[in-house]
Amino acid sequence: LLRRFWLPAAMAPKRRTAAVLASMSTIPLGSSDESSTRSSGDVSERQSLVSSLEVFHDDVDDEQHCRHATERPSSTAKITSLQASVSIAKAIMGSGSFSLPWAFAQTGYVAGPILMLVMAGLSVSLLQTLVRCRRLHAAKGAVSYVDVARAAFGDIGATSVYCASISASVGVCGSYLVFIAASLASLLPDAHALVQTQLVLLILPAAVLLSSVRDSNQFAFTALLGDISVLLGMSVVVTYGFLYRDEDRDGGSKGIVAFGSVDGFALAFGAVGFLFFIHFLVLPIEGSMQHPEDFDRMVSLTFLGCAMISALFGVAGYSFFGDATEQIVILNIKGSFFVSCVKLLLCIDLLFTYPVVMRPSVEILEQSLGIQLMNSGCGSIRSRLAVCSGLGTVAAGPGIFIPAFALLSGLVGGVCQTFLAFVMPPLMLQSLRTVNGEDKNTSCKGLTKQPNVGEVKTFGCVGFGLCMILW
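Residues numbered from 1 in each chain as written. Predicted model: local features only at pLDDT ≥ 70, side-chain atom pairs only at ≥ 80, totals over all residues. Heavy atoms only, no water.

Student: Could you clarify how one ought to interpret the overall build of the protein in this entry?
Tutor: What the protein contains, in helices and strands, is 17 helices and zero strands. Across the 471 residues in the protein, those meeting the buried criterion constitute 45%. Per element, the accessible surface of the protein, about 22,700 Å² overall, is 63% carbon and sulfur. (Helix = DSSP H or I, 4+ residues; strand = E, 2+ residues; numbered from the N terminus. Buried < 20%, exposed > 50% of the residue type's maximum accessible area, 1.4 Å probe, protein only. Areas by Shrake-Rupley, 256 points an atom, 1.4 Å probe, with all protein chains shown as cover.)

Student: Help me understand the packing of helix 6 (residues 100–107) against helix 7 (residues 111–136) in this model?
Tutor: A pair of packed helices is captured by two measures, namely the crossing angle of their axes and the spacing between those axes. At a closest axis distance of 8 Å, the pairing of helix 6 and helix 7 adopts a crossing angle of 115 degrees. It follows that helix 6 is roughly perpendicular to helix 7 by the angle criterion. Between helix 6 and helix 7, the residues in contact are L100, F104 and T107 and A111, G112, P113 and M116, respectively. Here the contact of helix 6 with helix 7 is composed, by residue class, of five nonpolar, two polar and no charged. (Axes fitted to C-alpha atoms, helices over the stretch in contact; angles between N-to-C directions. Parallel < 35°, antiparallel > 145°, perpendicular 65-115°, else oblique. Contact = heavy atoms within 4.5 Å. Nonpolar A, V, L, I, M, F, W, Y, C, P; charged D, E, K, R; others polar.)

Student: Mind showing me how you'd approach the pattern of salt bridges here?
Tutor: A pair can form between side chains of opposite charge whenever their charged atoms are brought close. Within the structure shown, the criterion is met by four salt bridges. With its nearest N and O atoms 3.8 Å apart, the salt bridge here joins R150 to D155. The network of salt bridges with shared partners includes R134, R135 and E286. (Salt bridge = Lys/Arg side-chain N within 4 Å of Asp/Glu carboxyl O.)

Student: Sorry if this is basic, but what is going on with the nonpolar core here?
Tutor: One recurring pattern in soluble globular proteins is that nonpolar side chains are buried together. Formed by 104 residues in total, the largest nonpolar core has its most connected members in I88, I92, F98, F276, F303 and M428. A total of 19 residues in this core trace back to one element, the largest contributor, which is helix 8 (residues 145–186). I92 has contacts with L275, F276, I278, F303 and C306, leaving out every residue within four places of it along the chain. (Core = buried A, V, L, I, M, F, W, Y, C linked by side-chain atoms within 4.5 Å.)

Student: Sorry, what's going on with helix 11 (residues 263–276) here?
Tutor: Think of an α-helix as 3.6 residues a turn; residues three or four steps apart then line up on the same face. The end-to-end C-alpha distance of helix 11 is 21 Å, a good match for the 20 Å that 14 residues give at a rise of 1.5 Å each. Of all 14 residues in helix 11, eleven are buried, a share of seventy percent or more. Restricting attention to buried positions, one finds in helix 11 the residues G264, A266, A268, F269, G270, A271, V272, G273, F274, L275 and F276. (Expected span 1.5 Å × (residues − 1).)

Student: Teacher, can you tell me more about a nonpolar patch on the surface here?
Tutor: A cluster of nonpolar side chains, I114, V118 and L122, forms an exposed patch at the surface whose accessible area comes to about 240 Å². Structurally, the position occupied by L122 is in helix 7. Classification of L122 by relative accessible area gives partly exposed; the value is 33%. (Patch = residues over 30% accessible without salt bridge, like charges linked within 9 Å, V, L, I, M, F, W, Y side chains within 5 Å.)

Student: Could you clarify how one ought to interpret the packing of aromatic side chains in this entry?
Tutor: In this description, an aromatic ring pair is defined by two values, namely the gap between the centres and the angle between the planes. Evaluation of the coordinates by the stated rule reveals 13 aromatic pairs. When the ring of F274 is compared with that of F405, the centres are 6.3 Å apart and the planes differ by 85 degrees; the resulting orientation is edge-to-face. Of this pair, F274 sits in helix 11 while F405 sits in helix 16 (residues 405–435), and the two are 131 residues apart along the sequence. Like F274, the residue F405 is buried in the burial classification. (Phe/Tyr/Trp six-rings, centres within 6.5 Å; stacked < 30°, edge-to-face > 60°.)

Student: Which parts of the structure should I look at to understand the side chain of S431?
Tutor: When you line up the elements, S431 lands in helix 16. For S431, the side chain forms a polar contact with the main-chain oxygen of A152, separated by 2.9 Å. In this structure, S431 is in contact with A152 and F153, ignoring residues within four places of it in sequence. (Polar contact = N/O pair within 3.5 Å; in protein donor to acceptor, adjacent residues only side chain to side chain.)

Student: What is the right way to read the confidence of the model for the protein from this model?
Tutor: Should pLDDT be low for a region, the predicted coordinates there are not to be read in detail. Confidence in the prediction of the protein, expressed as mean pLDDT, is 75, and 71% of residues score 70 or more. Low confidence marks residues 372–376, where pLDDT is under 50. Its contacts with residues over four positions away, or in another chain, come to eleven contacts. (pLDDT = per-residue confidence, 0-100.)

Student: Would you take a moment to explain the environment of Y109 for this structure?
Tutor: Looking at the secondary structure, you find Y109 in the loop between helix 6 and helix 7. Through-space distance from the C-alpha of Y109 to that of V257 is 6.5 Å; in sequence the pair is 148 residues apart. Leaving out residues up to four positions away in the same chain, Y109 has contacts with F104, I256, V257, A258, V315 and Y318.

Student: What exactly am I supposed to notice about the environment of M308 here?
Tutor: On the secondary structure map, M308 appears in helix 13 (residues 295–321). The exposure class assigned to M308 is partly exposed, which follows from its relative accessible area of 42%. Taking the C-alpha atoms as reference points, M308 and P113, separated by 195 residues in sequence, lie 8.5 Å from one another.

Student: How do you make sense of the side chain of S361 when you look at a structure like this?
Tutor: Among the secondary structure elements, S361 is positioned in helix 14 (residues 337–369). Take S361: its relative accessible area is 2%, and that puts it in the buried class. Once residues within four sequence positions are removed from consideration, S361 is found in contact with S165, I166, S169, V170 and L391.

Student: Got a minute to help me understand the packing of helix 5 (residues 81–92) against helix 13 in this structure?
Tutor: Between helix 5 and helix 13, the shortest axis-to-axis distance is 10 Å and the interhelical angle comes to 40 degrees. Viewed along their axes, helix 5 and helix 13 adopt a mutual orientation that is oblique. Relative to helix 13, helix 5 is oriented so that their crossing is right-handed. Along the contact surface, helix 5 presents S81, A84, S85, I88, A89 and I92, while helix 13 presents F295, M298, V299, T302, F303 and C306. Per-class residue counts for the contact of helix 5 with helix 13 are nine nonpolar, three polar and no charged. (Left-handed = near helix turned anticlockwise from the far one by under 90°.)

Student: Explanation requested: helix 16 in the structure shown.
Tutor: When the terminal C-alpha atoms of helix 16 are compared, their 42 Å separation across 31 residues agrees well with the 45 Å that a helix rising 1.5 Å per residue should span. The largest bend along helix 16 reaches roughly 50 degrees and is located at T418. (Bend = angle between axes of the 7 residues up to and from the residue.)

See below:
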C-alpha cells in the first residue's frame, strides 16, 4: 500500500524504462563460454548498475514532475471546447452552491441574482484579460498564473500570486472541513457547535492522509461522484421545498424580501466570489484546449449557464425557507433517510476533493522548503505527512474558530479569490502593455489601443477589488 499510494508516482517503473532495463539485464557480458563461467560477483555488479540506473531515472523524472506539476499544463493532452466547458462548470458548481440561498437572504431575492450576474460578467471579462496576458508572453514561457505575474512584476508578483493561491487553496479546504462537520452534526441528535468543532478535528487525520497521496489520479473516480452528489443535493432541496414549504416554515419567520441590508452585500459578495472567482484554475484548462481561439465564447456561455442555474437555485432555496435559511441550505432538511444518504454522499465527495485542492499548496511548500522527495521511501513519507499535517492544521484552524461554512467560504472568496480575480489581472495587463508598448509582433489585438480607457478600467477594477477585500 505504501509503494502503491504514498511513494512518489515516478518510483513506479515506466513501461519503456522497464523494457530498457530488461534488455540491459540480458546483454551478455562476454562470449557464451565466458558468461557461463562468470562469477556471482559480476552478476551482482550488473544488477547493481541496473538498480542505480533505475534510481537515477526516477530521480530525474520525479524532479521534473514536482517542478511542473503545479504550474505547467500538459503539452500533449488536448481537450475539446465542450470538455473545457465541463471542467470550468465543475470548478464553479460545488459545495459553495448550497450557501447561495443564505447569501440571497442577506441581499434579497432581486438584488442577489443581480449581484451574481454582474459579478459573473465581470469575472468573465477579467478571465479573458488574464488569458490575453498569458498569450502575450506564451512564447517566453509564461504558461501559468505565476509565470504571467513574474513576467509582469518579477519575483514580487510571482510571490504574491503564490501566497494568494496557497491561501485560497487552504481556505477552500478549511471550508470543506466545516461543510463536512456541519453535515455530519446535522445527522446526530442534539448536536451543537462543540460537536461540530470536535468533528472537524476527527475528520482532519483522514483528510491529511488523503492529501499525502502523491498520485492525484487515484481520486479521478470521484469526479463523477461529485457531479452526482451536487445534482442530488440541489434536487433534494428543490423537491423538498415544493412539497413541504408550508409545513416546515418557521412560525416566527419574517418571510422573504426583495432587497436586503447594505451590510449583507459584503457577505453575499464573498459567497458569490467563492463560486465564480476561479481565475487561478482556468489557465491550465485554456492552455490544454485544441482550439484556444474559442475560449472567450466558451467561457462566456459556461459562466452564463452556471450563473442562471445558481441564481434560480438560490432564489428557490431562499423562497422555501425564508430568513430561517441555513448557511448550508440542505441542513434545513431533516428526518429523511434519503436526505441523510445525500448528505453523506456530499461529505464523501468533499473529503476526496480535499486532497485535489490541497495538492498544489503541498507541492509548492515542499519545493519552497527544499525537501528532497527521493531520499528514501520512509523519509519521503514522513516529510510529505509533515507538510500535509501543517497545512491541514492551518486549514482546520479557521474551521474551528469560524464554524460557519458561508462565512468562511465568503472570507476566502471575498479576500484571496478577489485579489486573484480583480486586482492582479488588470494590473498585469497594464504592466505588460507598458513593457511591450514597442512590440509590434504581439498576437493580442487591441492591447495598445486607447491607453487612457485601459488605465481607467484598471483603476476601477483594482479599486473595487481592494474595497471589497477591506470590507
